[in-house]
Amino acid sequence: MEYDVRLEQHSSRPLAVVRRRASLQELAKVVPDACGTVWGVVRAQQVPGAGRHVAVYLDDQINLEVGAELDAPFAGYGKVVGSATPAGPVATTTHYGPYGQLHEAHEAIRLWC
């Protein structure tokens, strides 16, 4: 797949997330499971304005926050906590296809950078 990598300026966006640490081999299970946990809380708590799935990789040890974009800050509920995306310039692309091929999008961004 060919990726259109571009530089965009992003403002911070509120999130509802769970925090995880995963190995590269575990990501294909950890990320979807974490999204399910967050969406279960978002639905049960009737959080308005929930949007796209998000995974924010915090470091090269694969500590990450996984969840959903929101329209307003989230106070938290159980293991799901409020967070926000960082603001600033972002190299971005869009991946369409199986999760198992997501690494191709990541590699396209790394090469672009």
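None of these values were measured; they are calculated from a predicted model.

## Description of the side chain of Thr-93
Next, step 1: With respect to the helices and strands, Thr-93 occurs in the loop between strand S6 (88-92) and helix H2 (102-112).
Next, step 2: Judged by its relative accessible area of 16%, Thr-93 is buried.
Next, step 3: A distance of 3.1 Å separates a polar side-chain atom of Thr-93 from the backbone oxygen of Asp-4.
Next, step 4: Discounting residues that sit within four places of it in the chain, Thr-93 has contacts with Tyr-3, Asp-4, Val-5, Arg-6, Ala-105 and Ile-109.

## Thoughts on the pairing of strand S2 (residues 14-21)
Next, step 1: Bridge count for S2 against strand S5 (residues 81-84) is four bridges, and the pairing is antiparallel. By the bridge assignment for S5, Pro-14 is matched with Ala-84.
Next, step 2: Judged from the seven bridges that link them, S2 and strand S4 (residues 63-69) form a sheet pairing that is antiparallel. From the neighbouring strand, Val-17 faces S4, where its bridge partner is Gly-67.

## Observations concerning the side chain of Glu-69
Next, step 1: As for its position among the elements, Glu-69 is in strand S4.
Next, step 2: Within the local environment of Glu-69, its side chain forms a polar contact with the side chain of Arg-13, the two groups lying 3.2 Å apart.

## Some details on the sheet that holds S2
Next, step 1: On the basis of which strands lie adjacent, the open sheet formed by four strands has the order S3-S4-S2-S5 and antiparallel pairing. The open sheet has two free edges, formed respectively by strand S3 (53-57) and S5, since each of these has just one partner strand. Each neighbouring strand pair of the sheet contributes to a mean axis angle of 45°, computed without reference to strand direction.
Next, step 2: Lying on the sheet, helix H1 (residues 27-44) is in contact with S2, S3 and S4; it crosses S4 at an angle near 40°.

Parameters and conventions
Residues numbered from 1 in each chain as written. Predicted model: local features only at pLDDT ≥ 70, side-chain atom pairs only at ≥ 80, totals over all residues. Heavy atoms only, no water. Helix = DSSP H or I, 4+ residues; strand = E, 2+ residues; numbered from the N terminus. Buried < 20%, exposed > 50% of the residue type's maximum accessible area, 1.4 Å probe, protein only. Polar contact = N/O pair within 3.5 Å; in protein donor to acceptor, adjacent residues only side chain to side chain. Contact = heavy atoms within 4.5 Å. Pairing = 2+ DSSP bridges. Axes fitted to C-alpha atoms, helices over the stretch in contact; angles between N-to-C directions.

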